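Next come the chains, spelled out residue by residue.
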Amino acid sequence: MARETFYITTPIYYVNDLPHIGHIYTTVVADTIARYKRMRGFDVRFLTGTDEHGQKMERSARARGVEPKALADEVVRRYHELWRRLEITHDDFIRTTDARHRAGVHAMIARMQAGGDIYKGSYEGWYCSGCEAFFPETQLVNGTCPDQGHPVERLQEESYFFRLSAYQEPLLAFYREHPEFIRPATRYNEVVRFVEGGLKDLSISRATISWGIPWPGDPEHVVYVWLDALTNYISALGFGSGDTELYERYWPAALHLVGKDILRFHCVYWPAFLMSAGLPLPRQVFGHGWWLRDERKMSKSLGNVVRPDALIERFGPDAVRYFLLREMTFGQDASFSDEGFLARYNADLANGLGNAASRVLAMARRYGDGRTPVEACDDSVLRTKAGEIVGRWRETMDAFEFHRALEAVWELLAAVDAYVNEKAPWAIAKAEGVSSPRLQHVLYNCLESLRLAAVMVSPVMPAMSARLLAQLGAAEGGALEWGGLATSRPLGEEGALFPRADVEAYFAEVKVDENKPVQPATPVPAVGGAPAPTPAPAPQAVAAEPIGIDEFARVKLVVGTVKTAERVPKSKKLVRLEVDLGEPALRQIVGGIGDRYQPEQLLGRQIVVVANLKPAVLMGVESRGMLLAASLDGAPFLLAPDGEVPPGTGVK
Ligand code: MSP
């Protein structure tokens, strides 16, 4: 019998910016669900991709002096790289610049036209290129877009329109009949209220921009970016390209996963387009919450966007995936903070999981000759507990309550710990010898519980799960039934799953980053290997409040010559310099530049230093000043005078 299919999608990401943790969240959740559904035997198809057309993209590329496609290619490369590092198991990656996608969009428009829902008219109204959306005057808030507060501009142009107004009643009837279509329930209510408020026809072409899919038969127009983008979910299945096998097999989608900001496009426009085209509607759209940074909205202009690269580099992909799923109640907002991340990492991963595993494995090695116990054990409190936890884990995973599913697994780990304390295997070994059946049973119960825990966390932390299973001498992909651990099998290699994070070292380095001048707007990726052109200055990226010249003059900037340089022990980034500032003694300055500069490269080099900064202690080393560097995507580029000057020369 054919297996039940499960087609899951992420939104397709805009390519005018590099991904931050809000973007990776949607994809990590989708990957977790895809892995879980595969475990449960579904025939899964998992799609992600990029949204490359539109005014925002055209403008970004123009500002950087590159072609939109070249900019897109470079950002897409970064996305591929990131998904590889995060072990994302998508089956396909669609780009809206793909030929197959254009064919799908044209086929979609042809069907909507055949349904009599498209007509030509003239559009006059407000357009927000940040959201790529039109807004009636009545919806503007203080002259800006009501969704994100972006600036809007007045547009007056000829346009094709979609008769969205005709779909108000059919949509409301559909929502009533399919209350599960929009999740969570609070979002369902929001969408219903929005549609009840009335729907206006929608302008679905643009005549004043050229970066888009040409309107079929009217190349003066390009297709409105949201009609273009939403169609990706079927064009990626071959809709419009002739081969309909994937489309027949996987459409309608089981789940479109989106952030709450784009729920309306998915729950109102998309189903209306599909109704008009006479195509089946997706089964569910889930609108998740937003990641904040330290309780504030993340934005480039505030300079507080959390990029995932450094976290993955330092803590590994599994820790990042775990944090995202454990910290956010799916559907609600959550806040990222360095403190929160480190606390969870150390408490849950290094201590909770890591200690439970190393404690049990060390005993198994000691009392079992490096092998799994000689006999399985079927009768224990742990078995009952594990059975209950597996049931709860399934229920919560099915309901997308990932934080609760993970909580359940940690409850099992705590139960293993308590069981070890109570049974005291070391005492049994002493009293009865290592071949005591009682001892072997106790060890089996612990190892088997850990195996079940490893299988349960595998959708969230695939690499860690594989590693733990190997340490336990268990096969990957084992069943979630008690007794799966084979007896008398060699245990795998030893090794900590998650080394404890040194919080002090982390903050010392983060602090160094924060001491640097405010970052410019998101760096422009280098295209075709050429050095990145300087991004157009983003006005808000500079401190919001202007300062007077007298205030600026209080900062004493001088040129110094580096005399000695060495790495600060145990730190990846920190370098200790002794710098000649033209003073009687050399100045010791600690800078977070070690990931881009080797100490020997710095000797003799001239740098610019803030000479009157209060001393600070970074990882136990006093720094009496701060060196200046441009910060591109977190990487430092040292500033220097354009020709040698005597040490101590002032900078104005
Ligand atoms: N291109 C459109 C989607 C088209 S889908 C047919 C788009 N792209 S986006 O790059 O701006 O956003 C992609 C996803 O990232 C959205 O689901 C959005 O909600 C999500 N996030 C962007 N910032 C976010 C947070 N700070 N937190 C969580 N998710 C957020 O919209």
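Every value quoted in this text rests on a predicted model; they were computed, and no experiment measured them.

The rules behind each value
In this convention, every chain numbers its residues from 1, walking through the sequence in written order. With the structure being a predicted model, the display of local features is reserved for residues of pLDDT at least 70 and the display and counting of side-chain atom pairs for 80 or more, all residues being used for whole-chain, interface and lining totals. In computing side-chain values, all of the structure's heavy atoms are included and hydrogens and water are not. Numbering of helices and strands runs from the N terminus; a helix is a DSSP stretch of H or I covering at least four residues, while a strand is a stretch of E covering at least two. Buried, partly exposed and exposed residues are distinguished by accessible area as a fraction of the type maximum, computed with a 1.4 Å probe on protein chains only: under 20%, between the cut-offs, and over 50%, respectively. Note on contacts: a residue pair is in contact if any heavy atoms of the two residues lie within 4.5 Å. A pair of strands is treated as paired once DSSP finds two or more bridges between them. Orient the strands so they point away from the viewer, and a crossover whose first-strand-to-second-strand path over the helix runs clockwise is right-handed. We call a residue near a molecule or strand when any one of its heavy atoms sits within 4 Å of it. Counted as a polar contact is a pair of N or O atoms within 3.5 Å, where, for protein atoms, one must be capable of donating a hydrogen and the other of accepting one, and residues adjacent in sequence contribute only when both atoms are in side chains. Here, Shrake-Rupley sampling with a 1.4 Å probe gives the accessible areas, and only protein chains in the shown set may cover a residue. When a carboxyl oxygen of Asp or Glu lies within 4 Å of a side-chain nitrogen of Lys or Arg, that pair is called a salt bridge. Here a Phe, Tyr or Trp ring, Trp counted by its six-membered ring, pairs with any other such ring whose centre lies within 6.5 Å, and the pair is stacked when the planes are under 30 degrees apart, edge-to-face when over 60, and tilted otherwise. Here, over-ring charges are defined by two tests on the NZ atom of lysine or the CZ atom of arginine: distance to the ring centre within 6 Å, and angle to the ring normal within 35 degrees. A pair of sulfur atoms, both from cysteines and within 2.5 Å, is called a disulfide here. Every axis in this analysis is a line fitted to C-alpha atoms, fitted for helices over the stretch in contact. Angles between the N-to-C directions lie between 0 and 180 degrees. Angular relationships are summarised with four words: roughly parallel below 35 degrees, roughly antiparallel beyond 145, roughly perpendicular across 65 to 115, and oblique for the angles in between. The nonpolar class holds Ala, Val, Leu, Ile, Met, Phe, Trp, Tyr, Cys and Pro. Asp, Glu, Lys and Arg form the charged class, and all remaining residues, Gly among them, are polar. Handedness of a crossing follows from how the near helix is turned relative to the far one, being left-handed for an anticlockwise turn of less than a right angle and right-handed for a clockwise one. The set of buried Ala, Val, Leu, Ile, Met, Phe, Trp, Tyr and Cys residues whose side-chain atoms join them within 4.5 Å is what this entry labels a nonpolar core. An automatic or database domain assignment provides the domain bounds reported here.

Visitor: I tried to follow the overall build of the chain on my own but got confused; where do I start?
Guide: Of the regular secondary structure elements, the chain holds 21 helices and 25 strands. Along the first, second and third principal axes, the C-alpha set of the chain runs to 90 × 85 × 40 Å. Within the span of the chain, comprising 652 residues, buried residues form 54% of the whole. Pairs at least 24 apart in sequence give 75% of the contacts found in the chain among residues at least 6 apart.

Visitor: Any chance you could explain the sheet that holds strand β23 (residues 626–627) here in plain terms?
Guide: Across a sheet, strands are paired by hydrogen bonds formed along the backbone, either parallel or antiparallel in direction. Pairing in this open sheet of five strands is antiparallel, and the strands run β19-β18-β17-β20-β23 from one edge to the other. Here the strands that pair on one side only, and so sit at the sheet edges, are β19 (587–592) and β23. In this structure, strand β17 (residues 557–567) lies alongside strand β20 (residues 606–610), joined through five bridges in antiparallel fashion. Bridging across to β20, L557 finds its partner in V610.

Visitor: What am I meant to see in the pairing of strand β1 (residues 5–14) here?
Guide: The side chains of a regular strand alternate between the sheet's two faces. By the criterion of burial, β1 is predominantly enclosed, with nine of the 10 residues buried. Here β1 pairs with strand β2 (residues 43–51) via eight bridges, running parallel. Residue T5 lies in a different strand from β2, and its bridge partner there is D43. With helix α1 (residues 21–39) bridging β1 and the parallel β2, this β-α-β connection has right-handed handedness. Looking at chain direction, β1 and strand β12 (residues 255–259) are connected through two bridges and run parallel. Counterpart to I8 in the pairing with β12 is L255.

Visitor: What should I look at first to understand the site of the ligand in this one?
Guide: Among the 23 residues in the neighbourhood of the ligand, the closest are listed as I12, D51, G259, D261 and W291. Here a nitrogen atom of the ligand and a backbone polar atom of I12 are 2.8 Å apart. Between W291 and the ligand, the recorded distance is 2.8 Å, taken from a backbone N or O atom to a nitrogen atom. Bound to the protein, the ligand loses 95% of the 660 Å² it would expose on its own.

Visitor: Teacher, can you tell me more about the pattern of salt bridges here?
Guide: Two side chains with opposite charge may pair up if their charged atoms get near one another. By the definition in use, this model includes 41 salt bridges. A salt bridge links K69 to D73; the shortest N-O distance between them is 2.9 Å. Residue K69 and its partner D73 are located together in helix α3 (residues 68–85), separated by four residues, close to a single helical turn. Assessed through its relative accessible area of 34%, K69 is described here as partly exposed. Look at D73 and you get partly exposed, because its relative accessible area is 31%. Put simply, E422 and K423 hold a salt bridge, and the shortest N to O gap is 3.9 Å. Using a relative accessible area of 31% as the deciding quantity, one classes K423 as partly exposed.

Visitor: Please clarify how the sheet that holds strand β5 (residues 133–135) should be interpreted in this entry.
Guide: Ordered by their spatial adjacency, four strands build an open sheet running β5-β4-β6-β8, and the pairing between neighbours is antiparallel. Every other strand in the sheet has two partners, leaving β5 and β8 (202–203) as the edge strands with one partner each. Strand direction decides the pairing type here: strand β4 (residues 118–128) and β5, joined by three bridges, are antiparallel. Directly across from Y127, in β5, lies its bridge partner F134.

Visitor: Help me understand the packing of aromatic side chains in this model?
Guide: For the structure on display, the rule yields 39 aromatic pairs. Centre to centre, the rings of F286 and F330 are 4.1 Å apart; their planes meet at 20°, and the pair counts as stacked. Of this pair, F286 sits in strand β13 (residues 285–288) while F330 is found in the loop between α12 (317–327) and β16 (334–336), placing the two residues 44 residues apart along the sequence. F330 carries the same exposure label as F286, and that label is buried. Sitting over the face of the ring of F42, K37 holds its NZ or CZ atom 4.9 Å from the ring centroid.

Visitor: What exactly am I supposed to notice about the state of the cysteines here?
Guide: Structurally, a disulfide amounts to a covalent bond that connects the sulfur atoms of two cysteines. Under the defined criterion, the tally for this structure stands at zero disulfides. For C128, which is in no disulfide, the shortest distance to another cysteine sulfur is to C131 and amounts to 3.8 Å. Looking at the unpaired C446, the closest cysteine sulfur is the one in C377, lying at 10 Å. With relative accessibility at 0%, the residue C446 sits in the buried group.

Visitor: Can you walk me through helix α2 (residues 55–64) in this structure?
Guide: In an α-helix, one turn spans 3.6 residues, which is why side chains three or four residues apart end up on the same side. Burial analysis of α2 places seven of its 10 residues in the buried class, the great majority of the element. All of the buried residues along α2 are Q55, K56, M57, E58, S60, A61 and R64. Directly beyond the C-terminal end of α2, a positive phi value near 70° is found at G65.

Visitor: Please clarify how the pairing of strand β6 (residues 153–162) should be interpreted in this entry.
Guide: Bridging between β4 and β6 involves 10 bridges; their strand directions are antiparallel. Directly across from W126, in β6, lies its bridge partner R154. For β6 and β8, the ladder comprises two bridges, and the chain directions are antiparallel. Considered in β8, the bridge of F162 is made with L202.

Visitor: Can you help me understand the packing of helix α4 (residues 99–114) against helix α10 (residues 263–277) in this one?
Guide: Taken N-terminus to C-terminus, the directions of α4 and α10 make an angle of 65°; their axes are 7 Å apart at the nearest point. It follows that α4 is roughly perpendicular to α10 by the angle criterion. Within the contact between the two elements, α4 uses M108, R111 and M112 and α10 uses W270, F273, L274, S276 and A277. For the contact of α4 with α10, the class distribution of residues is six nonpolar, one polar and one charged.

Visitor: When you look at the packing of helix α13 (residues 338–368) against helix α17 (residues 437–457) in this model, what are you seeing that I'm missing?
Guide: To characterise two packed helices, one gives the angle between the axes of the helices and the distance between these axes. Running from N to C, α13 and α17 cross one another at 145°; their axes reach a closest spacing of 10 Å. The hand of the α13/α17 crossing is left-handed. Residues A356, A357, V360, L361, M363, A364 and Y367 of α13 pack against L439, Q440, L443, C446, L447 and L450 of α17. Its residues placed into classes, the contact of α13 with α17 shows 12 nonpolar, one polar and no charged.

Visitor: How should I be thinking about the nonpolar core in this particular structure?
Guide: One recurring pattern in soluble globular proteins is that nonpolar side chains are buried together. Core analysis: the largest hydrophobic core is formed by 114 residues, its most contacted members being W291, L353, W410 and M461. When we break this core down by domain, the ones giving at least three residues each are domain 1 (5–288) and domain 2 (335–538). Here L353 is in contact with D348, W410, L413, M461, M464, L468, L497 and F498, once residues within four sequence places are set aside. Judged by nonpolar contacts, the second largest core, of 72 residues, contains F181, V191, I234 and A253.

Visitor: Help me out: how do you make sense of unusual backbone geometry in this one?
Guide: Negative phi values dominate among residues other than glycine, just as trans dominates among peptide bonds. That bond from R183 to P184 is cis: its omega, -10°, falls within 30 degrees of zero. Turning to its location among the elements, P184 is positioned in the loop between β7 (182–183) and α6 (185–196). The amide bond that connects W251 to the next residue, P252, takes the cis arrangement and shows omega of 5°. On the secondary structure map, P252 appears in the loop between α9 (245–250) and β12.

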